[in-house]
Amino acid sequence: MARPPSYLPELRRRAVRMVAEVLGDYPDESAALRAVAEKLGIGSAETPRNRVRRDQVGSGQRPGTTTEESAQIKAMRKETAELKRANEILKAAASFFAAGPDRPHLRP
């Protein structure tokens, strides 16, 4: 089970906005990320960097899988596993009933 987020969504959105606003004031993106993290009291510049990357992927500026797509893939994988399990149960039942009452049950 995933741990709950430690920063509020509004703080995350604010960090993304601030990085975009101050990016021109610093020599590179890393410096801007460190400055924003320090101003907002975020322990590491990695946190706003991850949020900026997610925002860029979500808006189509950067290639990758969006949060919605990831959730959809996860749900589809779960459904596929359930369907495979159900298919195995049906195969076993078909084998059992195909054997008939006078023959021993043989599983393929």
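About the thresholds
- Residues numbered from 1 in each chain as written.
- Predicted model: local features only at pLDDT ≥ 70, side-chain atom pairs only at ≥ 80, totals over all residues.
- Heavy atoms only, no water.
- Helix = DSSP H or I, 4+ residues; strand = E, 2+ residues; numbered from the N terminus.
- Expected span 1.5 Å × (residues − 1).
- Buried < 20%, exposed > 50% of the residue type's maximum accessible area, 1.4 Å probe, protein only.
- Contact = heavy atoms within 4.5 Å.
- Axes fitted to C-alpha atoms, helices over the stretch in contact; angles between N-to-C directions.
- Parallel < 35°, antiparallel > 145°, perpendicular 65-115°, else oblique.
- Left-handed = near helix turned anticlockwise from the far one by under 90°.
- Core = buried A, V, L, I, M, F, W, Y, C linked by side-chain atoms within 4.5 Å.
- Salt bridge = Lys/Arg side-chain N within 4 Å of Asp/Glu carboxyl O.
- 1 Å grid on protein atoms, 1.4 Å probe; cavity = no way out; pocket = protein on both sides within 12 Å on 5 of 7 lines; lining within 4 Å.
- Points joined across faces, edges and corners; volume = space filled by probe spheres on them.
- Nonpolar A, V, L, I, M, F, W, Y, C, P; charged D, E, K, R; others polar.
- Phe/Tyr/Trp six-rings, centres within 6.5 Å; stacked < 30°, edge-to-face > 60°.

Draft legend 1. Just helix H3 (residues 46-59), in detail. For H3, spanning 14 residues, the distance from its first C-alpha to its last is 20 Å, which sits close to the expected 20 Å at 1.5 Å a residue. For H3, every residue scored as buried is listed here: Pro 48, Val 52, Arg 53, Gln 56 and Val 57. Those residues of H3 that are buried are in contact with helix H1 (9-22) and helix H2 (29-40). Two residues or fewer after H3 comes Gly 60, characterised by a positive phi angle close to 90°.

Draft legend 2. Up close: the packing of H1 against H2. Running from N to C, H1 and H2 point in directions that differ by 135°, and their axes come no closer than 9 Å. Comparing their axes, H2 and H1 come out oblique. When the axes of H1 and H2 are compared, the crossing they make is right-handed. Here Leu 11, Arg 14, Ala 15, Met 18, Val 19 and Val 22 of H1 come into contact with H2, specifically with Ala 32, Leu 33, Val 36, Lys 39 and Leu 40.

Draft legend 3. How the structure looks around the nonpolar core. If you look at the biggest cluster of nonpolar residues, it comprises 12 residues: Ala 15, Val 16, Met 18, Val 19, Val 22, Ala 32, Leu 33, Val 36, Ala 37, Leu 40, Ile 42 and Val 52. When residues no more than four places from it in sequence are discounted, the contact partners of Val 52 are Val 16, Val 19, Glu 29 and Leu 33.

Draft legend 4. View of the pattern of salt bridges. Per the counting criterion, the structure on display carries 5 salt bridges. Arg 17 serves as the salt-bridge partner of Glu 10, at 3.4 Å between the closest nitrogen and oxygen. For Glu 10, a relative accessible area of 42% corresponds to the partly exposed category. For Arg 17, a relative accessible area of 42% translates into the label partly exposed. The salt bridge involving Arg 49 is made with Glu 46; its shortest N-O contact spans 2.4 Å. Pair noted here: Arg 49 and Glu 46 are both in helix H3, with a separation of 3 residues, about one helical turn. The exposure class of Arg 49 is partly exposed, given its relative accessible area of 26%. The exposure class of Glu 46 is partly exposed, given its relative accessible area of 38%. Here the salt bridges share partners, and the residues they tie into one network are Glu 10, Arg 13 and Arg 17.

Draft legend 5. Geometry of empty space enclosed by the protein. Scanning the model with the defined rule gives 1 cavity of 30 Å³ or more in all. As a volume, the largest cavity reaches approximately 40 Å³. Contributing elements (two or more residues each) for the lining of the largest cavity: H1 and H3. The residue inventory of the lining of the largest cavity, partitioned by class, reads 5 nonpolar, 1 polar and 2 charged.

Draft legend 6. Local environment of the packing of aromatic side chains. Tallied over the entire structure, the rule returns 1 aromatic pair. Pairing Phe 96 with Phe 97 gives two aromatic rings, centres 5.2 Å apart and planes at 80°, and the pair type is edge-to-face. Accessibility expressed as a relative area gives 65% for Phe 97, which makes it exposed.

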